[in-house]
Amino acid sequence: MPLRLGVIADDFTGATDIAGFLVAAGLRTVQLNDPRPGTYLPADPDAVVISLKTRSIPAADAVAQSLAACRLLEELGAERIVFKYCSTFDSTAEGNIGPVTDALLDRLGEDLTVVVPALPVNGRTVYQGHLFVYDQLLHESGMRDHPVTPMRDSNLLRLLEAQSTGRARNIPYTVVSAGPEAVREALAQARRDGVRYAVLDALDMSHLDTIGAATADMRLVTGGSGLGSGIARALTGASDASQDAAQHAPEKSWSFTAGHTVVLSGSCSEMTRRQVAAYRPLAPSLTVDVAEVLGRGADYVAEVAAWAEDAQRGTESAPLVSATAPPEEVRGWQDRYGAARVSAAVEEFFGRLASALHARGTTRFITAGGETSGAVTQALEVTGFEVGPQIAPGVPWTRTLDTGADRVDLALKSGNFGTEDFFSAAQRLVTGRHT
Ligand SMILES: Nc1ncnc2c1ncn2[C@@H]1O[C@H](COP(=O)(O)OP(=O)(O)O)[C@@H](O)[C@H]1O
Ligand SMILES: O=C(O)[C@@H](O)C(=O)COP(=O)(O)O
């Protein structure tokens, strides 16, 4: 069977997010982290999601890695490509969403694509081309203070045109709510007018189903996991009931790996800050000292690993190691040492800590933050995942494709996803289902 969908995701939490929605819609989905020609692919998947860590690297590198991923997906026979980026359009001023979109359009010989970051089930909607996070415009939400990709504009047309070579046009919700035929006509008109990026409004998940149906003949689409859901549901004809069941029913056949659990939080988002605050009274916790990370490196990693190992013995709830901090504290570190240096050092710290803990018997990692999850997953040398039960919309448990002693379970939480009790909720799913 040809691969029906190939997804290029610009970070690791984003990749598991979309993979979870594809699975919920009924597509057999595999997530690959270190894709190379000849990479092992289990059981004839319908969709392959490639996780990259390209959101905040230099644009030229992001383009090169995304094109390599696209080539691999084409070799696997992918009929259609989805470029998955964040539902809050996280990008630096120079890109990378625009440059990668342009490069993929050129590679696939297409002149028009759609831009659909909306994920209404998690409060991200697009109205008249403006991105909202629940009741706030993107630039007024916590995303204005993101340590790596602060978002200071909510107008997707302006954001995209500033990063790319072509013209953008909004297809408003009045057209989207009129159904797939109306959207197809608007897209055809946009193409005739030389528009390169059609920014579609979406206020609820049914709008994403409409967009999924209307874009069935497009080789390249771009957006968030909600678009993935709409496309997959158009492919499989999944009903709301089957989608709901897949998202919420405990998967009886899914088993977790025996061993210890740790919670690693490197996200500084508003929701992660609340989740960390809610979890602290329930479990041993350690706050990462950024000065120690920068000053002591490997020594500090060993010290924190020893603390976590010790803490794992004395408690039911997994220990939490957290660098999560409010914006003024993050700015303080960045002013002192430089933003790029601090981010890279904290990410490297979490990667090294994960490796050290894995060597000492930790098999389950609950990580908060996209860049943080990428660093942890890469340090653990995970090559690919199977996607399991959803802890919250957009956050499934996953397990590595390895079957042997190296197998680990990972819950990669996007910064703003999940409810306040997320860290406990993730562990509740594990209880009683060890291998
Ligand atoms: N206390 C801190 N000070 C400065 N930067 C931090 C701190 N804690 C974490 N970071 C950095 O902030 C970034 C958070 O990004 P990420 O992990 O993607 O979270 P999110 O999913 O919320 O975007 C990472 O690069 C991380 O290393
Ligand atoms: O689309 C989303 O919101 C997520 O899938 C995502 O990309 C998460 O990124 P982080 O907030 O950096 O974890």
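Being a predicted model, the structure only gives us computed values, none of them experimental.

A. Highlighting the overall build of the chain. When helices and strands are counted, the chain shows 16 helices and 18 strands. Relative to the compact-globule value of 22 Å for 435 residues, the chain shows a C-alpha radius of gyration of 21 Å, a close match. Viewed in the frame of its principal axes, the chain has a C-alpha envelope of about 65 × 50 × 40 Å. The proportion of buried residues among the 435 residues of the chain is 55%. For the chain, restricting intrachain contacts to residue pairs at least 6 apart in sequence, the fraction spanning at least 24 positions comes to 76%.

B. Region of interest: helix α8 (residues 225-236). Compared with the 16 Å implied by 1.5 Å per residue over 12 residues, the 16 Å span of α8 between its first and last C-alpha is a close match. Most of α8 is tucked away: 11 of the 12 residues are buried. The set of residues buried in α8 consists of Ser-225, Gly-226, Leu-227, Gly-228, Ser-229, Gly-230, Ile-231, Ala-232, Arg-233, Ala-234 and Leu-235. Downstream of α8 by a residue or two, Gly-237 has a phi angle that is positive, lying close to 70°.

C. Fine view of the site of ligand 1. With respect to spatial proximity, 23 residues lie near ligand 1, and among them Ser-267, Ser-343, Val-346, Gly-369 and Gly-415 are the closest. For the shell around ligand 1, the elements supplying multiple residues, two or more each, are α13 (327-337), α14 (339-359) and α15 (370-379). At 4 residues, the largest contribution of residues to the shell around ligand 1 is made by α14.

D. Quick look at the domain arrangement of the chain. When its domains are assigned, the chain resolves into domain 1 (5-248) and domain 2 (260-430). Centre-to-centre separation of domain 1 and domain 2, based on C-alpha positions: 26 Å. Facing the 29 residues of domain 1 at the interface are 29 residues of domain 2. Broken down by secondary-structure element, the contributors of at least two residues to the side of domain 1 that touches domain 2 are α1 (12-24) and β2 (29-32).

E. Highlighting the site of ligand 2. Taken together, 17 residues are adjacent to ligand 2, and Gly-14, Asp-17, Ser-87, Gly-370 and Ser-414 come closest. With 3 residues, the single largest contributor to the shell around ligand 2 is α1. Of the residues that constitute the shell around ligand 2, the class distribution is 2 nonpolar, 12 polar and 3 charged. The residues that make up the shell around ligand 2 include at least three from each of domain 1 (5-248) and domain 2 (260-430).

F. Region of the structure containing the packing of α13 against α14. Running from N to C, α13 and α14 cross one another at 115°; their axes reach a closest spacing of 7 Å. Compared by their axis directions, α13 and α14 come out roughly perpendicular. Packed against α13, whose contacting residues are Trp-333, Gln-334 and Tyr-337, the element α14 presents Ala-339, Arg-341 and Val-342 at the interface.

G. Region of interest: α15. Counting buried residues in α15 gives 8 out of 10 residues, a clear majority hidden from the surface. Where α15 is concerned, the buried positions are Gly-370, Glu-371, Thr-372, Ser-373, Gly-374, Ala-375, Val-376 and Thr-377. Check the buried side of α15 and you find it contacts α1, β12 (260-265), α14, β15 (362-368) and β18 (409-413). The first or second residue beyond α15 is Glu-381, which carries a positive phi of 55°.

H. View of unusual backbone geometry. Of note, the bond from Gly-95 into Asn-96 is cis; its omega dihedral lies within 30 degrees of zero at 5°. For Tyr-134, which is not a glycine, the phi torsion comes out positive at approximately 50°. Tracing the backbone through its elements, the reader meets Tyr-134 in the loop between β7 (130-133) and β8 (136-137). With 10 C-beta atoms counted inside 10 Å, the residue Tyr-134 sits in the exposed group.

I. Here's a closer look at the nonpolar core. Core analysis: the biggest nonpolar cluster contains 127 residues, and Ile-50, Ala-198, Leu-200, Ile-211 and Leu-353 have the highest contact counts within it. It is α1 that contributes the most residues to this core, 8 residues altogether. Both domains that meet at this core, namely domain 1 (5-248) and domain 2 (260-430), each give it at least three residues.

J. Representation of the sheet that holds β8 within the structure. The 3 strands are arranged β6-β7-β8 in an open sheet whose pairing can be described as antiparallel. Taken across any chain shown, the strands that pair with only one partner, and hence form the sheet edges, are β6 (124-127) and β8.

K. Representation of the pairing of β18 within the structure. Buried residues dominate β18, accounting for 5 of its 5 residues. Residues of β18 alternate between two faces, with Asp-409, Ala-411 and Lys-413 on one and Leu-410 and Leu-412 on the opposite face, all of them buried. Note that β15 and β18 share 5 bridges and pair parallel. By the bridge assignment, Thr-367 is partnered in β18 with Leu-412. Pairing geometry for strand β17 (residues 395-400) and β18, over 3 bridges, is antiparallel. Its bridge partner being in β18, Trp-397 is matched across the sheet by Ala-411.

L. Broad picture of the environment of Val-395. Summarising the element assignment, Val-395 is placed in strand β17. Distance from Val-395 to Leu-412, taken between C-alpha atoms, is 6.6 Å for residues 17 residues apart in sequence. Once residues within four sequence positions are removed from consideration, Val-395 is found in contact with Asp-17, Gln-390, Ala-411, Lys-413, Ser-414, Phe-417 and Gly-418.

M. Quick peek at the pairing of strand β3 (residues 47-51). Burial analysis of β3 places 5 of its 5 residues in the buried class, the great majority of the element. Covered by surrounding structure in β3 are Ala-47, Val-49 and Ser-51 together with Val-48 and Ile-50, the residues of both alternating faces. Here strand β1 (residues 5-9) runs beside β3; their pairing, made up of 5 bridges, is parallel. Each residue of the ladder has a partner; that of Gly-6, found in β3, is Val-48. Note that β2 and β3 share 4 bridges and pair parallel. Within β3, the residue paired with Val-30 across the bridge is Val-48.

About the criteria used
Residues numbered from 1 in each chain as written. Chains lettered and ligands numbered in written order. Predicted model: local features only at pLDDT ≥ 70, side-chain atom pairs only at ≥ 80, totals over all residues. Helix = DSSP H or I, 4+ residues; strand = E, 2+ residues; numbered from the N terminus. Rg over C-alpha atoms; globule rule 2.2 N^0.38 Å. Buried ≥ 20, exposed ≤ 12 C-beta atoms within 10 Å, placed from the backbone. Contact = placed C-beta atoms within 7 Å. Expected span 1.5 Å × (residues − 1). Near = placed C-beta within 6 Å. Domains from an automatic or database assignment. Nonpolar A, V, L, I, M, F, W, Y, C, P; charged D, E, K, R; others polar. Axes fitted to C-alpha atoms, helices over the stretch in contact; angles between N-to-C directions. Parallel < 35°, antiparallel > 145°, perpendicular 65-115°, else oblique. Core = buried A, V, L, I, M, F, W, Y, C linked by C-beta atoms within 7 Å. Pairing = 2+ DSSP bridges.

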